[in-house]
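# Residue-level structural notes
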Amino acid sequence: MRRRKTAVLLILIVLLFVAIVLSIGSGAVRVPPLSILRLILNGVGFRSIELPPEMQINIILHIRLPRILAALLVGSALAIGGVAMQGLFRNPMASPDILGVSTGGSLGAVIAVNTGLFALNVFFLPLFAVVGALLASGLIYLISSYKGRTSLLFVVLAGLAISSLFNGLVSAILLFSQQYEVSQFIFWTMGGLEGRMWKHVLLPLPVLLPGMAVLFLFTRELNIFALGEENAHSLGMHVERTKRVILAITAVITGMAISISGPVGFVGLLIPHLFRMLIGPDHRLLLPVSAIGGALFLLASDLIGRVLIPPFEIRVGIITAVLGSPYFLYLIIRYQRKGLRGFGYD
Amino acid sequence: MTKELITTRSVSFAVAERRIIDAVSISVKRGEFVGLIGPNGAGKTTLLRLLIGVLAATEGKIFLDGRPLEDIRLRERARRVSYLSQEASTVFPYPVLDILLMGRYPFLGRFKRESESDLEKARRALTYVGLSGFEDRYFNELSGGERQLVLFAKVLVQETDLLLLDEPTSNLDIKHQNQFFSMACELTREKKAVVAAVHNLNIASQYCTRLILLDQGRVAAEGKPEDVLRRELLDPVYETKTVVTRNTSTGALVVNVAPRRPAGSYPMPRVHVIGGAGSGINLTRELVRLGYSLSGGIAHEYDADQKLWQSLEVPSQVIGAFSHITPADVEKAFRMVEEAELTILCSFPVGPGNEGNLELAKRAGRLVIIEAGPEEEPRTFFSDKARQVFAALAENAEHMDYGQLCDVLESGKIFKTGAKKTRRESQA
């Protein structure tokens, strides 16, 4: 098992590196790897090395790099959000998108866009997205703590209901808005990474990174949740307080991620589940590995979308949905076969 | 050291006006093994959850080592009180060792990793519960019993003075049940205290030093097992007829539910059983099960059959132990035989002391004699007179072995008119 964990980690890092290089290189304008190498070497001080053509530099620095960084940030944020929610609810079906937290973020962002507030101050869009995500996870928390007991299947169903409701609201707002555009509609219902600039990425960074870091402090608690809330309490954990903190942080990083990319689905569901199978459920390892895995998954999905049918781009949210939905179905069928146990019922 | 570890002072817990726990005042000292007993819904689990503080009492106070429970920080509580829930399973595949190390959570700072001594404690606990080598097995793939033992080991790893166990052995077979309780018992010898909600009263009587009987959230009785496990205390609480006896092989108190006549059965014929030395036990049980009304005797006091009749409230004729059956006794018992439609003579040894039973059988209107089966002891006589009387009454009786008798009793055929005649005719 130990060797397997190291292998998974190594493979992930290598693949991530490959995906980054490919992402810089491919697209409407191809940038050969050698150009990338030349740019990097020149940048770190080897002035004698000739820079690649001006156009290539501009494409790399102003188009490809921010987009790659956006993919990495969103992917890892959504993935560890998924890890946290699955651990918290002891439910492999939970994730920010299934439980409606992503849609909540989307709704907040759409409100900011349609009221015109986002134009007044750059902070309004991420702020609204975070508030929307917090609202959704607050609802989830209230439902899950109803009568002091977390009924786990109930949480998933309630999340799906919240998700549908918010989705409906997003669609309604966009349809009735005056500056209605199909691309906006798709962006805020399905998510995408095209046209992401440095401003989109750098603005959430000061919140996103510390938020993710704080979640790493709660990995032991996430493990103990596995024994059930009563046992967690008897081990000296403030169960409700911990739940609230973890849910709030998850909502914040999810909202921030959504303000970058829109609600990209299935990353938070698929990645934690996949890596739990590969390296085990210990959150102390699962959380960092899922962060890397989520980043890789979203970057690769975006890459596939960009190179599959040039010159058109398929939005990353469509790619993740196409990859993720069958997986979600597979999970449902598997748990159906295994009975409710898979949903966390004893 | 004999100071109370945990005390509740008229603690109540109510949900929507309904009191699930009602003014309970108990205390537990070091070295005690307290069993919480009571029917389903009596509040055993709720009381335990109040004691660990998962639930907050709506009235009253709980003291841990003399300090109010709510004044003690959760982590500190977790270093003194551990809890084993009724059943816990994980959805995710944690290795057993990880589960055990969770027991060290209250001792570890946020940035501290488990030390070698923590690992050592986990391994020792696992060995103690008899699961060494299970370190890397997945907890969710273990059997219910093994899971329970792992969680018990986790409780041990927590190294608390007070252990609260909620029906810890409901999933275990009898071997593991006993192993579990003797391990818990051993802990009390190390001056720890154990409070366990127990369904199995026989296990409770065997291991617990004190029992608390809960009834609808109240303490109905409290004390040593022999003071609490009494019919008059248990029957109203469990709303059923119990029989409390001492197991003659182990000396332990045994609580059983008295067999009940099938409800709503039509009036069944009366049967009189003449037995002794335990020869009538199986038959009596069978007759009660089938719903016959029955009487028994003549039997000696303390005879196994007589004890059964007494606890089942079967009317019977009793004489003093080791005394001889007198004609007056026979006369008295005959009144019961007279009322019975059928008298059954079991296979028991006959000597001068109980020759009267054969005299009684002779006067029965209709007599069935149980013949010993091929693998059973043949009927024995310790006096010539007994042998003669038996030979005489055997002529006019029907003879069956126990199996045949049960069959005809079950079908009711034996009471159909003419059954007796057929028998006589075939003899003639």
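Residues numbered from 1 in each chain as written. Chains lettered and ligands numbered in written order. Predicted model: local features only at pLDDT ≥ 70, side-chain atom pairs only at ≥ 80, totals over all residues. Heavy atoms only, no water.

Moving on to the packing of helix α5 (residues 144-157) of chain B against helix α6 (residues 174-189) of chain B. All names here are of chain B. Where α5 contacts α6, the axes come no closer than 12 Å and their chain directions differ by 5°. Classified by the interaxial angle, the pair formed by α5 and α6 is roughly parallel. Residues Q148, L149, F152 and L156 of α5 form the contact with α6, whose own contacting residues are H176, F180, M183, A184 and L187. Here the contact of α5 with α6 is composed, by residue class, of seven nonpolar, two polar and no charged. (Axes fitted to C-alpha atoms, helices over the stretch in contact; angles between N-to-C directions. Helix = DSSP H or I, 4+ residues; strand = E, 2+ residues; numbered from the N terminus. Parallel < 35°, antiparallel > 145°, perpendicular 65-115°, else oblique. Contact = heavy atoms within 4.5 Å. Nonpolar A, V, L, I, M, F, W, Y, C, P; charged D, E, K, R; others polar.)

Residue and element names in this part refer to chain B. The strand order across the open sheet built from six strands is β7-β8-β9-β4-β10-β11, with neighbouring strands paired in mixed fashion. Two strands lie at the open edges of the sheet, namely β7 (81-84) and β11 (218-223), each paired on one side alone. Ignoring which end each strand starts from, the neighbouring axes of this sheet average 15° apart. Both strand β8 (residues 162-166) and strand β9 (residues 193-197) contribute to a ladder of five bridges, which runs parallel. Across the sheet, L165 pairs through a bridge with A196, a residue of β9. Lying on the sheet, α5 is in contact with β7 and β8; it crosses β7 at an angle near 175°. (Pairing = 2+ DSSP bridges.)

Residues and elements named next belong to chain B. On the basis of which strands lie adjacent, the open sheet formed by six strands has the order β16-β15-β14-β17-β18-β19 and parallel pairing. The strands lining the two open edges of the sheet, one partner per strand, are β16 (316-319) and β19 (398-401). Each neighbouring strand pair of the sheet contributes to a mean axis angle of 20°, computed without reference to strand direction. Pairing between strand β14 (residues 270-274) and strand β15 (residues 293-300): four bridges, direction parallel. Along β15, the bridge assignment pairs V271 with L294. Contacts from helix α12 (residues 327-339) reach β14, β15, β16 and β17 (342-345) within the one sheet, and its direction differs from that of β16 by about 165°.

Facing the 33 residues of chain A at the interface are 38 residues of chain B. Counting the surface chain A buries against chain B, the share from its top three residues, A:R220, A:E230 and A:L235, is 22%. The interface formed by chain A and chain B holds four salt bridges in total. Residue A:R220 is joined to B:E114 by a salt bridge in which the shortest nitrogen-to-oxygen separation is 4.0 Å. In this structure, the connection of chain A to chain B is made through 15 residue pairs in polar contact (both at pLDDT 80 or more). For the side of chain A that touches chain B, the secondary-structure elements that each account for two or more residues are α3 (54-89), α11 (219-225), α12 (229-234) and α15 (283-307) of chain A. Counting residues per element, the side of chain A that touches chain B draws most heavily on α11(A), at five residues. (Buried area = accessible area lost by both parts, 1.4 Å probe. Salt bridge = Lys/Arg side-chain N within 4 Å of Asp/Glu carboxyl O. Polar contact = N/O pair within 3.5 Å; in protein donor to acceptor, adjacent residues only side chain to side chain.)

What follows covers the pattern of salt bridges. Scanning the model with the defined rule gives 35 salt bridges over all chains in all. The partner of A:D302 in a salt bridge is A:R306, and the shortest N-O contact between them spans 3.9 Å. One end of the pair is A:D302 and the other is A:R306, both in helix α15 and four residues apart, which spans about a single turn. According to the relative accessible area criterion, A:D302 is buried, its value standing at 3%. When its relative accessible area of 10% is taken as the criterion, A:R306 is described as buried. Taking the shortest distance from any N to any O, the salt bridge between B:E313 and B:R231 comes out at 3.9 Å. One end of the pair, B:E313, is in the loop between α11 (304-311) and β16; the other, B:R231, is in helix α9 (residues 231-238), and 82 residues separate them in sequence. (Buried < 20%, exposed > 50% of the residue type's maximum accessible area, 1.4 Å probe, protein only.)

As a further point, take the layout of surface pockets. Once rolled over the atoms, a probe with the size of a water molecule shows which space is left empty. Of the volumes computed, that of the second largest pocket is approximately 780 Å³. What lines the second largest pocket is a set of 23 residues, and nearest its centre among them are A:R2, A:K5, A:D282, B:D98 and B:R113. Within the residue set of the lining of the second largest pocket, elements represented by two or more residues are α1 (2-25) and α15 of chain A together with α3 (96-101) of chain B. Ranked by the residues each element gives to the lining of the second largest pocket, the list is headed by α1(A), at four residues. Of the residues in the lining of the second largest pocket, the class split is 12 nonpolar, two polar and nine charged. (1 Å grid on protein atoms, 1.4 Å probe; cavity = no way out; pocket = protein on both sides within 12 Å on 5 of 7 lines; lining within 4 Å. Points joined across faces, edges and corners; volume = space filled by probe spheres on them.)

Keep in mind that low pLDDT regions are not for reading the predicted coordinates in detail. Taken as a whole, chain A shows an average pLDDT of 86; of its residues, 93% reach a score of 70 or greater. Here residues 340-346 of chain A scores under 50 on pLDDT; set against residues more than four positions off or in separate chains, the count is 24 contacts. (pLDDT = per-residue confidence, 0-100.)

The subject of this paragraph is the pairing of β9(B). Residue and element names in this part refer to chain B. The buried fraction of β9 is high, at five of five residues. Side chains A193, V195 and A197 project from β9 onto one buried face, and the interleaved V194 and A196 project onto a second face that is buried too. In the sheet, strand β4 (residues 33-37) pairs with β9 via four bridges, with the strands oriented parallel. Within β9, the position partnered with L36 by the bridge is A197. A crossover links β8 with its parallel partner β9, the connecting element being α6, and its sense is right-handed. (Right-handed = clockwise from strand over helix to strand, strands pointing away.)

Take the environment of A:V29 next. All names here are of chain A. Residue position: V29 is located in the loop between α1 and α2 (33-43). Relative accessible area serves as the criterion here: at 26%, V29 is assigned to the partly exposed category. Residues V29 and I59, spaced 30 residues apart in sequence, show a C-alpha to C-alpha distance of 8.3 Å. Residue contacts for V29: discarding those within four places in its chain leaves M55, I59 and R64.

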